[in-house]
Structures are given as structure tokens and as C-alpha cells.
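Coordinates in review
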Amino acid sequence: MGRREIPLDPSAGPVQQLAHALRELRAKAGGPTYRAMAGRSVFSASSLAHAASGRALPSLPLALAYVEACGGDREEWEARWEAAGRELARSPRDDDGADPPYRGLVCFGQADRELFFGRDDLVDRVVDLMGRRRFVALVGASGSGKSSLLRAGILPALRERPEGAPRLAAVRVTTPGGRHTSEHAARLTTVPAASTEDVLLVVDQFEEVFTLCPERDRFLDLLLTALDEHSRLRVVIAVRADFLGRCAQHPGLAAALRDATVVVGAMSAAELREAVVKPAANAGLIVERALTARIVEEAVQEPGGLPLMSHALLETWRRRRGRALTEEMYEAAGGIRGAVATTAEDLFQRLTPSQAGTARRILLRLITPGEGTEDTRRPTDRAELDAASPETAAVLEQLVRARLLTLDGCRVDLAHEALISAWPRYRAWIDQERERLRLHRRLTDDARTWVEHDRDPDTLYRGSRLAAAADAFAGEARQALSSPEAAFLDAGTAARDHESRQTARAARRLRSLTIALSVLLFVALSASLLAWNQGRSSGPRPRFARSGPCLFPPRPTSPVKAALPGP
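Anyway, here's the lowdown on the structure attached to this text. Since the model is a prediction, treat every value here as computed from it, not as a measurement. (Residues numbered from 1 in each chain as written. Predicted model: local features only at pLDDT ≥ 70, side-chain atom pairs only at ≥ 80, totals over all residues. Heavy atoms only, no water.)

Structural notes on the overall build of the chain
Our working definition: By definition, any uninterrupted DSSP run of H or I lasting at least four residues is a helix, any uninterrupted run of E lasting at least two residues is a strand, and each is numbered from the N terminus. Throughout, exposure labels follow a simple rule: accessible area from a 1.4 Å probe, protein chains only, divided by the maximum for the residue type, with under 20% read as buried, over 50% as exposed, and the rest as partly exposed. We call two residues in contact when some of their heavy atoms are within 4.5 Å. A 1.4 Å probe and the Shrake-Rupley method give the accessible areas. Residues count as covered only by the protein chains that appear here.
What the chain contains, in helices and strands, is 27 helices and 12 strands. When each of the 567 residues of the chain is scored for burial, the buried share is 45%. For the chain, restricting intrachain contacts to residue pairs at least 6 apart in sequence, the fraction spanning at least 24 positions comes to 73%. Accessible surface for the chain amounts to roughly 29900 Å². Of this, 54% is attributable to carbon and sulfur atoms.

See the structure below:
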């Protein structure tokens, strides 16, 4: 029997209200276990349980998976989720209770269609290509808006079924990090039984195939089945431009991307102006003309700066007075180059020294250092973070509230990779710890493998790898390790010490045996030499032939010996 869930107060806020409603829906469905519900969805039992925990607003796909597993109405619950999200998005500083017209570092979702502007031409081009190709890739730099284009631009456009667009039975969105994608591959690509239309699988942050996906080949083989003319699967991926070379190294993937790639470039000045002015106009606000001109000028000069611009606009909106967003407010927020750093530093300075150390460990765990590419974010299971410090939950909540991190079920992630370059303190931490971070990422993966193989001694570190890891995480640095990682390293150290003791014991035995054999050999040689000397002294004396006068005349023969007959 599973652990009893903590009671919720539906009046405590939109998150607890939605979680309470989800639990009621599950009760009406007969109270299925989360394990049984996981069998009907692409999410794990722990993720489904977290959706109704009341700790954070679950993602829309997770909430809808929970609802569908309990037989609920999808459209009704999508509307309820969006209402909860709008209520939650209201900042504590928003005395008028208005919804923010900008998303900040967080990417746009399908519910943000009314806030998404400036990409109409690109959306039309992608939808047209999807009508002609079964495998399409969006390629662009980090911060170019690929995820928002997919979720708030292309998917809503497909729902409207424009002429030439593919007819779809279902749309499923995933990211390739961890093992869950391959484990649920069949469910992700299953076509509804009563439909003759295709399933669209959208893979966001496709670069994680190369940084976080241990079953890369299996996952790529699954995606490439879309190229079969008889396949009922269609695929759209969004991949960072600096990983395009890695894609080209896979023959099948390189062939799929040929003539099926759309480059997501920088927005023009006119498109940027739309993205600045129109969301505010929809909310009944006015963006000062001088401010619009300044933001457009700065954003054009900032490659991959869309999330930075969005965050700067969000912070400007939070400092508004009346209906106008002014240049003065924008400068107070820090502008495009300083708004993210200002938000992050304000939060960091409010933390206690102990909490600041915990925040540093959390943020460094969410990074994969680049090797020939830029550093990338590393979505992480919350359990991996919680094991590091008892303060993790409180610090994590503050980072999420500041919109620096996102919490999707049990998955914790940076709100955007722009945070890596936009916050100088964070950048300095990464540069300072780069080599240790590389060791840590390998240690995390190897510790997970060790646990999955029932702590097989053959999977432990030995030799130089163990020495390097032990040195890197000695002293205070050991606090960065989770419990499984520390146990893995301790087991390797214990095995090394055991082998060292056995080696020393064997060496002592060999030394004792060598000494004993040396003594025996010496005794044997001494006895042999003594016997040889004795034999030589007791043997007959040599006789000399006479060739002249004898200086030593022979002794007289005994009468008895003389009487004996000769031979």
C-alpha cells in the first residue's frame, strides 16, 4: 500500500486548489494507484504523484496525463490548468492582480498563444514544410526562441488545421534527457486505434540526446522510423546550432535533416517591435516609444537575446506605474544585459550563507560543461538535489519563484540557458569548477549504473579514475555529492584499501618465503661444500711417475702385504 498523501487546503492558493481537484478526480475514478496510472501515460508514478502533491503547479502535459489516466475531460482540465497558471503568475508586487504580458526566461507554452508575436512568417514556413516532409528540424542558437516557436507558434497553428498542414491524431511533446523517453517510446508513438491520421512527436531540446541520453541509438532509431512511407509517425525536433555537427555524424539523422531543416535566425527589427508592443497592448498597456526603440536596438545587437529581452520586459512591467512602461523603469530593471543578473543577485543576497552554499550546489548540478560546444543545462531529478542538503526544498522554492528555475513534476531545470551567460556570478562558478564538474557528471552517471547493477564491484572506480575523483571531492567539496554518489566513491575507496591490504599481505608472505628459501639454499650450499671438502681430504693421494731420482723413497712394504698374491 502506498504512502498516504498529505492533506491539502484548497483555499491556500491555485496550486493546492488544482492539486485537491486532481485528487478528487482520482477518488471518483476508483482510487487507482499511481503505478497503474503510469501504465496508462508517458509519465512515471512519482511524477504523477507530484502533480497532485500541491508543492508546485505541474506542467500542462503532466496534468493532462493525470486527468486522462483517471478518465477526466481533457479540455475542461486544460482550461482549469490555464486558470491556475494565470493566477499563480501574478507577482506579489502586482497590487492590481493583473496577469504579466511577458514570460521572462520561461519559454512560451501553448496557452501563451495570445502573447506570442513576431514569428508569423516562420510559423507558416515550418507548417508548410511539415506538410511535405515527415521529419523536420528547427535549428538555431541558444536563445533564438526555438522552444517558444514550437509550443506557442507551430502547435497552435497545427491545431487550426491550415491548408497543406498534416492531419494529426495526436501531438506528444518530450525531451530526450534520461531513460524515460526510450522506456515510454511505444506510448509516445502509439497511434489511437480509431484514427487513420498520424501522430506528431515533438522533441524539444534535442541536443540532450548527445549530453544526457544513455540510450541514444535506440531513441534515434525510433525517431527515424518516421522516414518510412508507411509510418504513422511524424517528427519535429528543435536542436541548438552548435550541435548540428553531432547530428551530421549519424548517417540516418544526417539524411533525415537534408532538405528538412529550418534555421531559426534572429528576429528583424519589425518582428522585435511586435514582440515588445503587442503583448502590452493586449493587456491594455502602453510601451513608451523611446523604450521600444531602445529595446529593439539592443536586442538586434544581442545574439540569442530573446529570453533576456523577455525577462527585461517582465521586470519593467513589475515596476510599472499606471498603464505606461517607461525607459526609466527599464533602466531600473537593469535592461537586456542586466535584468537577469539583477534578479539573480537580489535573490542571492537575501539568502543566508548556508542557503547560498545550497543554491550554488543546486545551480552547478544543473550544468553540463561543454566539450567543444557551449555549456548546456542539465535537467535533473529532484531526488538528486534533495539528497544534498536539508535546505534544498526552501532554496529551490525561492529560485523557482524568481523564475530562474522551473519545476516540472520531479524534474528541475534552468528557466533558460541564457542564465549561464547573463549572470556573472554563475558564470564564474562554472569556470572555477569546470574540471570538477566534468568529473562530477561522469561520477553521477557511473554511480547510477552501479546502483542499477545491484552495486556490482566490477563497476567501481579503480586506479587513476578513483584517485582523481577522491581528490576532487575531498574535504568541503564532498558536500556536493548526493548519497548514491558518496556511497559509490566510498565503495571504490574501500575496495582499493582492501586490495591494498591483500597486496601488502601477499608481499609479506612472499618476502618471508624468499627469506626462508634463501636460508635453506645457504644451508644446502654450505653442507654441499663441507661434504666436498671432507671427501677430498679422505681420498687416495696422487701418485707421481718416476723419471729420475726419487727425492722421497717409498716406505717399506709390510711383510703381510708382501705375502699376498697380486692381481
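Let's pick the thread back up.
Structural notes on the pattern of salt bridges
Condition: Salt bridge, as applied in this entry: a Lys or Arg side-chain nitrogen positioned within 4 Å of an Asp or Glu carboxyl oxygen.
A full pass over the atoms with the stated rule returns 37 salt bridges. In this structure, R151 and D204 form a salt bridge, with 3.1 Å as the shortest nitrogen-oxygen distance. Placement of R151 in helix 7 (residues 146-159) and of D204 in the loop between strand 3 (198-203) and helix 10 (208-211) is noted, with a sequence separation of 53 residues between them. R151 sits in the partly exposed class, given a relative accessible area of 21%. Between R434 and D375 there is a salt bridge, with the nearest N and O atoms lying 2.8 Å from each other. Taken as a pair, R434 in helix 24 (residues 434-452) and D375 in the loop between strand 8 (367-368) and strand 9 (376-377) lie far apart in primary sequence, 59 residues in all. Among the residues examined, D375 registers a relative accessible area of 10% and is labelled buried. Linked by salt bridges that have partners in common, R365, R378, E384, D445, R448 and E485 make up one network.

Some thoughts on the sheet that holds strand 10 (residues 380-381)
Under the convention used in this document: Strand pairing follows a simple DSSP-based rule, namely that at least 2 bridges must link the two strands.
Within the open sheet, the 3 strands sit side by side as 10-12-11. Their pairing is antiparallel. Two strands close off the open sheet at either side, each with one partner strand: strand 10 and strand 11 (405-408).

Comments concerning the nonpolar core
What counts, and what does not: Put simply, a nonpolar core is a bunch of buried Ala, Val, Leu, Ile, Met, Phe, Trp, Tyr and Cys residues held in one set by side-chain atoms that sit within 4.5 Å of each other.
Among the nonpolar cores identified, the biggest contains 58 residues, and M309, L405, L414, W423 and Y426 are the most heavily contacted of them. Considering every element that reaches this core, the biggest residue donor is helix 18 (residues 335-350), with 7 residues. Those residues in contact with L405 that sit more than four places away from it in its chain are I362, L363, L366, L396, L399, V400, V412, D413, L414 and A415. Counting residues in each nonpolar core, the second largest holds 27 residues, with A137, L201, F219 and I237 among its members.

Quick look at helix 19 (residues 353-365)
Threshold: One less than the number of residues in a helix, times 1.5 Å, gives the span that helix is expected to have.
The end-to-end C-alpha separation of helix 19 is 19 Å, in line with the 18 Å expected for 13 residues at 1.5 Å each. For helix 19, the full list of buried residues reads Q355, A356, T358, A359, I362, L363, L364 and R365.

Points about the environment of R273
Among the secondary structure elements, R273 is positioned in helix 14 (residues 269-282). Taking relative accessible area as the criterion, R273 reaches 41% and is therefore assigned partly exposed. Separated by 22 residues in the primary sequence, R273 and I295 place their C-alpha atoms 8.5 Å from one another. If we skip the residues at most four places from it in the chain, R273 touches T292 and V296.

Looking at the sheet that holds strand 1 (residues 135-140)
The criterion, for reference: For every element, the axis is a line fit to its C-alpha atoms; helices are fit only across the contacting stretch, and the angle between N-to-C directions ranges from 0 to 180 degrees.
Pairing is parallel across the open sheet formed by 5 strands, whose spatial order is 2-3-4-1-5. Edge strands, defined here as strands with exactly one partner in the open sheet, are strand 2 (168-174) and strand 5 (261-263). Here the average twist between neighbouring strands, direction ignored, is 15 degrees. Contacting strand 1, strand 2, strand 3 and strand 4 (233-240), helix 7 runs over the sheet at an angle of about 145 degrees to strand 1.

A closer look at the environment of D346
Secondary-structure assignment places D346 in helix 18. Considered as a pair, D346 and A402 are 56 residues apart in the sequence and their alpha carbons are 9.6 Å apart.

Quick look at helix 24
End to end, helix 24 covers 27 Å across 19 residues, agreeing with the expected 27 Å (1.5 Å per residue, within 8%). Among the residues of helix 24, those classed as buried are R434, L437, R438, H440, R441, L443, T444, A447 and W450. Looking one or two residues past helix 24, D454 carries a phi angle of roughly 55 degrees, positive in sign.

Let's talk about a nonpolar patch on the surface
Put simply, the rule is: The patches reported here contain residues having more than 30% relative accessible area and no salt bridge. Joining distances are 9 Å for like charges and 5 Å for nonpolar side chains (Val, Leu, Ile, Met, Phe, Trp, Tyr).
Among the surface-exposed residues, L510, L513, L517 and L520 lie close enough to one another that they form a single nonpolar patch of about 420 Å² accessible area. With respect to the helices and strands, the residue L513 is situated in helix 26 (residues 483-538).

A closer look at the packing of helix 14 against helix 16 (residues 306-318)
The cut-off we apply is this: An angle below 35 degrees is treated as roughly parallel, one above 145 as roughly antiparallel, one from 65 to 115 as roughly perpendicular, and anything else as oblique. By convention the crossing between two helices is left-handed if the near helix lies anticlockwise of the far one by an angle smaller than a right angle, and right-handed if it lies clockwise. Charged residues are taken to be Asp, Glu, Lys and Arg, nonpolar residues to be Ala, Val, Leu, Ile, Met, Phe, Trp, Tyr, Cys and Pro, and polar residues to be all remaining types, Gly included.
Two elements in contact, helix 14 and helix 16, have axes whose closest approach is 11 Å; the angle formed by their N-to-C orientations is 30 degrees. Between helix 14 and helix 16, the crossing angle belongs to the class labelled roughly parallel. Crossing angle aside, the handedness with which helix 14 passes helix 16 is right-handed. On helix 16, the residues that touch L272, A275 and V276 of helix 14 are L306, M309 and L313. Within the contact of helix 14 with helix 16, the residues separate by chemical class into 6 nonpolar, no polar and no charged.

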